[in-house]
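Reading the structure
One letter stands for each residue in the lines below.
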Amino acid sequence: MAPKSLLAVNAGSSSVKITFFTLEKPPRTIADAQISGITAPPAQLKYTRGPGSSTHKEELEERLETPQDAFKALLKRCFTDRELSEVASAEDLAYICHRVVHGGDYRDAVEITDETYHYLEEVEDLAPLHNFSALEIVRMCRKELPHVKSITFFDSAFHQTLPEHVRTYPIDPKVAKANKLRKYGFHGISYSFILRSVAAFLDKRVDQTNLIAMHLGSGASLCAIREGRSIDTSMGLTPLAGLPGATRSGDIDPCLVFHYTNEAGNLSPTSTKAMHISMAEEILNKKSGWRALTGTTDFSQIAVAEPPSAAHKLALKIVEDRLVGFIGNYFVKLEGQVDALVFAGGIGEKSALLRRRVVERVRCLGFTVDRDANEAEMSGDRVIDISGADVGSRRVLVCQTNEQFEMAYQCLEQRR
Ligand SMILES: Nc1ncnc2c1ncn2[C@@H]1O[C@H](COP(=O)(O)OP(=O)(O)O)[C@@H](O)[C@H]1O
Ligand SMILES: CC(=O)OP(=O)(O)O
Ligand SMILES: [Mg+2]
């Protein structure tokens, strides 16, 4: 029987999200499932059949040690659901699309073969904290589902257009080349989705669209887009650079590392044979950010009118300060030719308060916000306009981004 569906996988360090899509153009969602809290049991399962139906949530009794375990549990849940006739077994799958954060020099998605798999293993060392989970699942699919094509999509691919002076760090060029040290940039699957959706919303051609886009989730970044191409972005060699995240420091003076602990350069206790990480990487990626400041990773407890503590208030001001700094920077790099300022990602889509505070602080650049539009629910819209009615106000938009959809969309456009 011919395959009927496509599976998109978005694996993070503590969660695995999967979505099944039809093979139509554009693809339609069949089912969505995710397991979070893999590293902090009990793991939580969320499961939704098709769009518009209610979401089932449960705590999982079984112990899931790895992203592979979570992936297997999710597949089993979907394959055994009798009401999901499109996905009863791996035989029904035409492709598995994997989000891999760091794709090294790859400019585009690639099908997993011995050669591409080997290259990804090489660049895994550049971003072990971010690539490990995804590649564990790729390894499992290669072994256990060898007849289904695995296609890897990279967060870094969208930023291959960064000009040389933006992607180059001012260090010894020989060392930089030998060790592949440069700015790569991430969240590019999301930025592709945002760019296409916003261009359509503005009724402009993608290659004539200029944006300052923000993907604000537990990992957060911005991107300056000129004529449909990334010309700068706030993450760097790894997703640590730029804005603070839930547990990431974002930009700091690199020398801080040497003063933090005496052992910062040593291998971290969580290092394994497949994942070499130093204490410094662990501290700056997992023990910093707004959780280090406030104790919570949940930004909805921080972005509130009356923050519960001085620490929460400070965390909000820090995030806001770094954001407006980058907006100013990118506004200048785009020479003021900005079609829209776009908020996306869990925080960008849900925090009206952060949006209002940020836009009010960049009013000097001509952006304004409409209070009612900003507070309204998105209700299924991909893009909404929240700009103020002031004459000459620049556009401010919110885009509900969807990395799994973007992979499915690109896969079907390019391969069928
Ligand atoms: N109402 C809200 N206000 C502010 N932040 C929120 C709100 N709802 C969710 N968030 C934040 O969004 C984050 C999730 O964003 P998302 O882009 O889905 O995550 P991830 O980066 O893990 O893929 C949560 O960690 C939470 O901090
Ligand atoms: C690249 C990155 O930081 O991804 P996430 O926001 O999903 O952690
Ligand atoms: Mg994310």
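A quick note: this is a predicted structure, and the numbers were derived from the prediction, not measured.

**Brief notes about the overall build of the protein**
- In terms of regular secondary structure, the protein is built from 14 helices and 14 strands.
- For the protein, whose C-alpha radius of gyration is 21 Å, the value lies close to the compact-globule estimate of 22 Å for 416 residues.
- Taken over the C-alpha atoms alone, the protein extends approximately 60 × 50 × 45 Å along its principal axes.
- Within the protein, counting contacts between residues at least 6 apart in sequence, those at least 24 apart form 61% of the total.

**With respect to the UniProt feature "binding site: Mg(2+)" (unreviewed entry) in the protein**
- According to UniProt, the "binding site: Mg(2+)" (unreviewed entry) feature falls on Asn10 and Glu403. Across 394 residues in sequence, these annotated residues keep their C-alpha atoms within 7.7 Å of one another, forming a single compact spot.
- Within the secondary structure, Asn10 is located in strand E1 (residues 5-11).
- Apart from the residues within four sequence positions on either side, Asn10 is in contact with Lys17, Arg99, Glu403 and Gln404.
- With respect to the secondary-structure elements, Glu403 resides in helix H14 (residues 403-415).
- Apart from residues no more than four positions distant in its own chain, Glu403 is found in contact with Asn10, Arg99, Ile189 and Ser190.

**Examining the packing of helix H10 (residues 310-333) against helix H12 (residues 352-361)**
- Following both chains from N to C, one finds H10 and H12 inclined at 45°, their axes separated by 10 Å at the closest point. Compared by their axis directions, H10 and H12 come out oblique. Classified by chirality, the crossing of H12 by H10 is right-handed. On H12, the residues touching Glu320, Leu323 and Val324 of H10 are Arg357, Val358 and Arg361.
- Grouping the constituent residues of the contact of H10 with H12 by class yields three nonpolar, no polar and three charged.

**Notes on the site of ligand 2**
- For ligand 2, the full set of nearby residues is Gly12, Val101, Asp155, Phe186, His187, Gly217, Ser218, Gly219 and Pro239.
- By residue class, the composition of the shell around ligand 2 is three nonpolar, five polar and one charged.

**Side note on the domain arrangement of the protein**
- Domain annotation for the protein reports domain 1 (5-154), domain 2 (203-245 + 289-416) and domain 3 (251-287).
- Put simply, the middle of domain 2 and the middle of domain 3, counted by C-alpha atoms, are 29 Å apart.
- When grouped by side-chain class, the residues that make up the side of domain 2 that touches domain 3 number three nonpolar, one polar and no charged.

**Things to note about the UniProt feature "site: Transition state stabilizer" (unreviewed entry) in the protein**
- Per the UniProt record, the feature "site: Transition state stabilizer" (unreviewed entry) sits at His187 and Arg248.
- Relative to the helices and strands, His187 resides in the loop between helix H5 (173-178) and helix H6 (188-202).
- Owing to 31 C-beta atoms within 10 Å, His187 belongs among the buried residues under this scheme.
- Beyond its immediate stretch of four places on either side in the chain, His187 contacts Asp155, His215 and Ser221.
- The residue Arg248 is located in the loop between strand E11 (229-233) and helix H7 (256-260) in this model.
- Not counting residues within four places of it along the chain, the set of residues in contact with Arg248 comprises Gly219, Leu240, Leu284, Asn285, Ser288 and Gly289.

**Regarding the packing of helix H2 (residues 114-124) against helix H3 (residues 128-144)**
- H3 packs onto H2 with a crossing angle of 155° between their chain directions and a minimal axis gap of 10 Å. In terms of orientation, H2 and H3 fall into the roughly antiparallel class. The interaxial crossing formed by H2 with H3 has left-handed handedness. Contacts between H2 and H3 involve Tyr117, Leu120 and Glu124 from the first element and Pro128, Asn131, Leu135 and Arg142 from the second.

**Notes on the environment of His98**
- Its place among the elements puts His98 in strand E6 (residues 93-100).
- When the C-alpha positions of His98 and Ile151 are compared, they lie 6.2 Å apart, and in sequence the two are 53 residues distant.
- Contact partners of His98, with chain neighbours within four places excluded, come to Val9, Ala134, Ile137, Val138, Ser150, Thr152 and Phe153.

**Points about the site of ligand 1**
- In the vicinity of ligand 1 lie 15 residues, with Gly217, Phe299, Ser300, Gly346 and Lys350 positioned nearest.
- Among the residues making up the shell around ligand 1, the classes are represented as four nonpolar, nine polar and two charged.

**Topic: the sheet that holds E1**
- Read across the sheet, eight strands follow the order E5-E4-E3-E2-E1-E6-E8-E7 without closing on themselves; strand pairing throughout is mixed. Both outer strands of the open sheet, strand E5 (55-59) and strand E7 (110-111), are each paired with one neighbouring strand and no more.
- Sheet topology note: the E1/strand E2 (residues 16-22) ladder contains seven bridges and is antiparallel. Across the sheet, residue Ser5 finds its bridge partner in E2, namely Thr22.
- Sitting on the sheet, helix H1 (residues 67-79) is in contact with E1, E2, strand E3 (29-36) and strand E4 (44-49), with an inclination near 145° to E3.

The rules behind each value
- Residues numbered from 1 in each chain as written.
- Chains lettered and ligands numbered in written order.
- Predicted model: local features only at pLDDT ≥ 70, side-chain atom pairs only at ≥ 80, totals over all residues.
- Helix = DSSP H or I, 4+ residues; strand = E, 2+ residues; numbered from the N terminus.
- Rg over C-alpha atoms; globule rule 2.2 N^0.38 Å.
- Contact = placed C-beta atoms within 7 Å.
- UniProt positions renumbered as here; feature names shortened; annotations may be inferred.
- Axes fitted to C-alpha atoms, helices over the stretch in contact; angles between N-to-C directions.
- Parallel < 35°, antiparallel > 145°, perpendicular 65-115°, else oblique.
- Left-handed = near helix turned anticlockwise from the far one by under 90°.
- Nonpolar A, V, L, I, M, F, W, Y, C, P; charged D, E, K, R; others polar.
- Near = placed C-beta within 6 Å.
- Domains from an automatic or database assignment.
- Buried ≥ 20, exposed ≤ 12 C-beta atoms within 10 Å, placed from the backbone.
- Pairing = 2+ DSSP bridges.

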